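What follows is the residue order along each chain.
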Amino acid sequence: MPVSASGLKDAVSKGLLREAQLAPLLEYLREWDAAHGQQPKFDFTHVLYYLGGLIAIGAMSLFMNLGWEAFGGWGIVALCAVYAVAGLLLTNRFRNTGHLIPAGICAAFVLTLTPLAVYGFQQGIGWWPDDSVYKEYHRHIKLLWIYMELATLLAAAVLLFRYRFPFLMMPLAVTLWYMSMDLAELVLGSDLPWRAERLFTCWFGLGITVVALWVDIRARRSLDYAFWLYLFGVIAFWGGLTAQHSDSELNKFLYFCINILMIGLGAVLMRKVFVVFGAIGCCLYLGHLANEVFKDSWLFPIALTFIGLGIIYLGILWQKNETRITATVRSCLPAPLRELLEARHG
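Bear in mind that the values here come from a model prediction, so they are computed numbers and not experimental data.

**Overview of the overall build of the protein chain**
Looking only at helices and strands, the protein chain features 14 helices and zero strands. Reading the helices (α) and strands (β) of the protein chain from amino to carboxyl end gives α-α-α-α-α-α-α-α-α-α-α-α-α-α. Projected onto the principal axes, the alpha-carbon positions of the protein chain cover approximately 70 × 65 × 35 Å. Taken over 346 residues, the protein chain has a buried fraction of 36%. Sequence-distant contacts in the protein chain: of pairs separated by 6 or more residues, those separated by 24 or more amount to 64%. Carbon and sulfur atoms make up 69% of the accessible area of the protein chain, which totals about 20600 Å².

**As for helix 6 (residues 114-125)**
Between its terminal C-alpha atoms helix 6 stretches 16 Å, which fits the 16 Å expected from 12 residues at 1.5 Å a residue. Listing the buried residues of helix 6 in full gives T114, P115, L116, V118, Y119, G120 and Q122. Packing partners of the buried residues in helix 6 comprise helix 4 (72-96), helix 5 (100-112) and helix 7 (146-163). Just downstream of helix 6, G126 is the residue with a positive phi angle, here 85°.

**Comments concerning a nonpolar patch on the surface**
Taken together, L299, I302, F306, L309, I312, Y313, L314, I316 and L317 make up a surface patch of nonpolar side chains, about 900 Å² in accessible area. Of the residues examined, Y313 reaches a relative accessible area of 52% and is grouped as exposed.

**Side note on the side chain of T112**
Following the sequence through the fold, T112 ends up in helix 5. T112 gets classed as buried once you look at its relative accessible area, which sits at 11%. Looking at T112, its side chain comes within polar contact range of the main-chain oxygen of F109, at 2.6 Å. Discounting residues that sit within four places of it in the chain, T112 has contacts with I57, M60, Y134 and P171.

**Quick look at the pattern of salt bridges**
On inspection of all chains with the given rule, the structure shows three salt bridges. Put simply, K142 and E136 hold a salt bridge, and the shortest N to O gap is 3.3 Å. Under the relative-accessibility criterion, K142 is labelled partly exposed at 23%. For R271, the salt bridge goes to D224, with nearest N and O atoms at 2.9 Å. With R271 in the loop between helix 11 (249-269) and helix 12 (272-293) and D224 in the loop between helix 9 (194-218) and helix 10 (227-242), the pair connects residues that are 47 residues apart, well separated along the chain. Judged by its relative accessible area of 24%, D224 falls in the partly exposed class. Where salt bridges share partners, they join D216, D224 and R271 into one cluster.

**Comments concerning the nonpolar core**
Of all hydrophobic cores here, the largest spans 68 residues; its most connected members are L116, Y119, M148, F167, L168 and L229. In terms of residues, this core owes the most to one element, helix 10, which gives nine residues. If we ignore the near neighbours within four places in the chain, the residues touching F167 are Y50, L54, I57, G104, I105, A108 and W228. One finds F256, C282, Y285 and L289 within the second-largest nonpolar core, a separate group that totals five residues.

**Quick notes on the packing of aromatic side chains**
By the definition in use, this model includes 20 aromatic pairs. Between F227 and W228, the aromatic rings sit 5.0 Å apart at their centres with planes inclined by 85°, giving edge-to-face as the arrangement. Aromatic pair Y230 and F274: ring centres 5.6 Å apart, planes at 70°, arrangement edge-to-face. Taken together, the residues span a long stretch of sequence, with Y230 in helix 10 and F274 in helix 12 at a distance of 44 residues. There is no split in this pair, since Y230 and F274 are both buried. An aromatic cluster of three or more residues is present, and its members are Y50, F167, W177, F227, W228 and F232. In this structure, R162 packs its charged tip against the face of Y163, placed 5.0 Å from the ring centre.

**Examining the environment of F237**
As for its position among the elements, F237 is in helix 10. Assessed through its relative accessible area of 16%, F237 is described here as buried. When near neighbours in sequence (up to four residues on either side) are disregarded, F237 contacts T201, C202, G205, L206, I258 and M262.

**Some words on the packing of helix 11 against helix 12**
Their axes nearest at 8 Å, the elements helix 11 and helix 12 cross at an angle of 155°. Classified by the angle their axes make, helix 11 and helix 12 are roughly antiparallel. Viewed along their axes, helix 11 and helix 12 form a crossing whose handedness is left-handed. Of the residues belonging to the contact of helix 11 with helix 12, the class tally is 17 nonpolar, five polar and two charged.

**Re the state of the cysteines**
Enumeration according to the criterion identifies zero disulfides in this entry. Of all cysteine sulfurs, the one in C106 lies closest to C80, which takes part in no disulfide; the gap is 16 Å. Overall, the relative accessible area of 3% leaves C80 in the buried class.

Criteria and thresholds
Residues numbered from 1 in each chain as written. Predicted model: local features only at pLDDT ≥ 70, side-chain atom pairs only at ≥ 80, totals over all residues. Heavy atoms only, no water. Helix = DSSP H or I, 4+ residues; strand = E, 2+ residues; numbered from the N terminus. Buried < 20%, exposed > 50% of the residue type's maximum accessible area, 1.4 Å probe, protein only. Contact = heavy atoms within 4.5 Å. Areas by Shrake-Rupley, 256 points an atom, 1.4 Å probe, with all protein chains shown as cover. Expected span 1.5 Å × (residues − 1). Patch = residues over 30% accessible without salt bridge, like charges linked within 9 Å, V, L, I, M, F, W, Y side chains within 5 Å. Salt bridge = Lys/Arg side-chain N within 4 Å of Asp/Glu carboxyl O. Polar contact = N/O pair within 3.5 Å; in protein donor to acceptor, adjacent residues only side chain to side chain. Core = buried A, V, L, I, M, F, W, Y, C linked by side-chain atoms within 4.5 Å. Phe/Tyr/Trp six-rings, centres within 6.5 Å; stacked < 30°, edge-to-face > 60°. Lys NZ or Arg CZ within 6 Å of the ring centre and 35° of its normal. Axes fitted to C-alpha atoms, helices over the stretch in contact; angles between N-to-C directions. Parallel < 35°, antiparallel > 145°, perpendicular 65-115°, else oblique. Left-handed = near helix turned anticlockwise from the far one by under 90°. Nonpolar A, V, L, I, M, F, W, Y, C, P; charged D, E, K, R; others polar. Disulfide = S-S within 2.5 Å.

If you want it as structure tokens, here you go:
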């Protein structure tokens, strides 16, 4: 529920607040916002925060080039240590000055150095098994990355215990995603068919999404630690599901129903990622109907238009009865889930 100074002034003009209460209330809200971790917002300041952070993180991960191989294993470890110390100093500096979003980004930067440091350590001690280089870590599925991924998860646990910044869940979620694909090679073999890979990704994404819900419930009275788990879990689940191929119209309709269910789940949990990907999936199915099943029918676009108008009308009905429907639905939910929705969304 966004609250703005102009909205409170409007409340004063309508007699809902006394004018003498406005200034103290605004000051209290500013202090409350500062004390509760500067929740991420879509404004220019936060865009700059995350853009700069992601560029720095990408520089030490996605965009790492062969130039670093010239330093040798121990040289890479030493450089990672220097970067890590600088990152931790910035993390503590930003945290102590109340800039918690930049502090979380710097902590995540330190975490993303872990696989590179482990790679350098294995190179230096002579445990690296082949001629693979670090730049392939983000591009190719290989079981030999597993030690780097396990070390990253351990480092994530330590940093989360120390700092409790929600953005640390982002590299953790990426690492879990990478690990799932590398473990698929161990479980299913290196020559597993593309269909099996997609199915494995789908089930793994579903598992991560369930874990995200569990984290969301456990952290319902604190910061949002589940966002990145939801994001990567839904992407993996939806991507694996969408990449499946079937000539059965029944299976395609079931795909459409799953996407409708995702939209409903996103509305209940107030998680936009479910709604966005569910809506994309629905559009893909409707596109299939238009281009394949009803490609020669002039009635289909007309029927689809009326369906769209019907959905808009359904939205109007929902807006009128949202409070009553929400209260009824929440009363049927388990207590932890009901407390989560009340804590997050009122």
